[in-house]
Amino acid sequence: QVQLVESGGGLVQTGGSLRLSCAASGRTFSSYVMAWFRQAPGKEREFVAAVGFSGSTTLYADSLKVRFAISRDNPKNTVYLQRNSLKPADTAVYYCAASPRTLKTETTQGYDYWGQGTQVTVSS
């Protein structure tokens, strides 16, 4: 089992950048596919990006791949989401998720463990 704690959220102006972090507990962090999702008010949770065990493979939502970058640091048990050129539409709670399965997936059902989320607000 793994516990996830997100950090790095906050208020940022349009066009700004922000890096989110997700710290994981446990010794087997490198055995999990890690992902980021987000959920805006009144909307369903949507996939943002996922990264494979070693960090060498990634998967992005098509609409976000230009502005977002996911990475991981296995010795630090941490996964990151770098977000650039932020827009008000990026305002959401951002969640970190982990899956012990090999396949990276864009569905919430594909992930077994979730963090509590961190709020990101982009002002216009």
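Anything mentioned here points back to the structure above.
Parameters at a glance
Residues numbered from 1 in each chain as written. Predicted model: local features only at pLDDT ≥ 70, side-chain atom pairs only at ≥ 80, totals over all residues. Heavy atoms only, no water. Core = buried A, V, L, I, M, F, W, Y, C linked by side-chain atoms within 4.5 Å. Buried < 20%, exposed > 50% of the residue type's maximum accessible area, 1.4 Å probe, protein only. Helix = DSSP H or I, 4+ residues; strand = E, 2+ residues; numbered from the N terminus. Contact = heavy atoms within 4.5 Å. Pairing = 2+ DSSP bridges. Disulfide = S-S within 2.5 Å.

Engineer: An account of the nonpolar core is requested, with residue identities and associated values reported.
Structural biologist: Ranked by size, the top nonpolar core spans 36 residues in total, and within it M34, W36 and V79 carry the most contacts. Contributing elements (two or more residues each) for this core: β3 (18-24), β4 (33-39), β5 (46-51), β7 (68-73), β8 (78-83), β9 (92-99) and β11 (118-123). Discounting residues that sit within four places of it in the chain, V79 has contacts with L20, S21, C22, F29, M34, W36, V51, I70, S71, R72 and C96.

Engineer: Before we move on, can you summarise the pairing of β5 with the specific residues and values?
Structural biologist: Burial within β5 is extensive, with five of its six residues counted as buried. In textbook terms, the turn of a hairpin is the stretch between consecutive antiparallel strands, and for β4 and β5 this stretch comprises six residues, one of which, G42, has a positive phi near 80°. Two elements, β5 and strand β6 (residues 58-60), share three bridges in a ladder whose sense is antiparallel. Note that in β6 the partner of A49 across the bridge is Y60.

Engineer: Now, about unusual backbone geometry: what can you tell me, with residues and values included?
Structural biologist: The backbone of N77 shows a phi angle near 55°, a positive value even though the residue is not glycine. As for its position among the elements, N77 is in the loop between β7 and β8. For N77, a relative accessible area of 18% corresponds to the buried category. Phi is positive for S85, which is not a glycine, with a value near 50°. Within the secondary structure layout, S85 lies in the loop between β8 and β9. Given a relative accessible area of 41%, S85 falls into the partly exposed group.

Engineer: Provide a residue-level description of the state of the cysteines, including the pertinent values.
Structural biologist: Following the criterion strictly, the structure yields one disulfide and no others. The disulfide bridge from C22 ends at C96, spanning 2.1 Å between sulfur atoms. Measuring the twist about the S-S bond at about -80°, one finds the C22-C96 disulfide to be left-handed. On the criterion of sequence distance, the pair formed by C22 in strand β3 and C96 in strand β9 is long-range, its members being 74 residues apart. For the pair C22 and C96, a shared accessibility class is recorded, and that class is buried.

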